[in-house]
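Notes for the structure review
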Amino acid sequence: EQPTHEHTACPTCGLCTSEECDGTAEEKCQGHTQEPEQPEQEFVKLTDTSKIADGTEIVIVGEGKENSFTLGENGGTFFVANPFDNTNMNNVIVITLVKAEGGYKLKLGEGQYIYYSGSKNQAYVGEEKTDSSDIWTIELVDGLFKIVNKANSERYLQFNEADQRF
């Protein structure tokens, strides 16, 4: 028997969601009590600068001698290093690149940006700045990405393997 209406497939189960559906329970979606599972987000290691652009989402990963670490929560003047596993993105901070004059702002979400301040390698999180302390250049040097602060080119984000931090 042909259906008397146009079937609209449920994105979760694929059964018909049309209220006009007169099908059996096996043919008609009965609704779902939980959201469909979202696929795990996986990041791919960048090997060139072609993907560096406004709106690109990145994860900063430092590769140590034995393990890799990702930029974690800000510990005041530095970022803690979390063990990195591309199959478990729960403790990963995703950064959105925002094009700015002479580089990119590193946006953490909720209007929070990574910026440099002080006389040492110190990185903070705060509101967008009016100077260039929250603008960073991103370049590829000897196979590694170098993230350098525009306000002070002697300040950059880098993994410190000895102290397990960025």
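Above this text sits the structure in question.
Residues numbered from 1 in each chain as written. Predicted model: local features only at pLDDT ≥ 70, side-chain atom pairs only at ≥ 80, totals over all residues. Heavy atoms only, no water.

Overview of the sheet that holds strand β2 (residues 61–63)
As a reminder of what qualifies: The criterion for strand pairing is that DSSP finds at least two bridges linking the strands in question. Secondary structure elements are defined from DSSP: runs of H or I of at least 4 residues count as helices, runs of E of at least 2 residues count as strands, and each element is numbered from the N terminus. An axis is simply a line fitted to the C-alpha atoms; with a helix, the fit covers only the stretch in contact. Between two such axes, the angle follows the N-to-C directions and lies from 0 to 180 degrees.
Read from one edge to the other, the open sheet built from three strands follows the order β2-β3-β4, with strand pairing classed as antiparallel. Taken across any chain shown, the strands that pair with only one partner, and hence form the sheet edges, are β2 and β4 (79–83). The mean angle between the axes of side-by-side strands here comes to 40°, regardless of whether they run parallel or antiparallel. Relative to β4, strand β3 (residues 68–74) runs antiparallel, the two being bridged by four bridges. By the bridge assignment for β4, N74 is matched with F79.

What about the side chain of R155?
The test is simple: Think of it in three bands: residues with accessible area under 20% of the maximum for their type are buried, residues over 50% are exposed, and the middle band is partly exposed, with areas taken using a 1.4 Å probe on protein chains only. As used throughout, the charge tally considers Lys and Arg to be positive and Asp and Glu to be negative, leaving His and the chain termini uncounted. By salt bridge we mean one thing: a side-chain nitrogen of Lys or Arg within 4 Å of a carboxyl oxygen of Asp or Glu. Any two residues whose heavy atoms approach within 4.5 Å are treated as being in contact.
Its location among the elements puts R155 in the loop between β10 (144–149) and β11 (156–157). Despite its burial, R155 remains without a salt bridge, the nearest opposite charge being carried by E154 at 5.0 Å. In this view, R155 contacts Y116, S119, K120, N121, W136, V148 and N149; residues no more than four positions away in its chain are not counted.

What to know about the pattern of salt bridges
In total, this model carries three salt bridges according to the counting rule given. Here E63 makes a salt bridge to K45, at a shortest N to O gap of 3.2 Å. One end of the pair, E63, is in strand β2; the other, K45, is in the segment before β1 (57–58), with 18 residues separating them in the sequence. Of the residues examined, E63 reaches a relative accessible area of 49% and is grouped as partly exposed. Since its relative accessible area comes to 55%, K45 is described here as exposed. A salt bridge links K105 to E128; the shortest N-O distance between them is 3.2 Å.

Some remarks on the environment of K99
Considering the arrangement of structural elements, one finds K99 in strand β5 (residues 95–100). Sequence separation between K99 and I52 is 47 residues, and the spatial gap between their C-alpha atoms is 9.8 Å. Beyond its immediate stretch of four places on either side in the chain, K99 contacts D54 and Y104.

None of this, on its own, says anything about what the molecule does.
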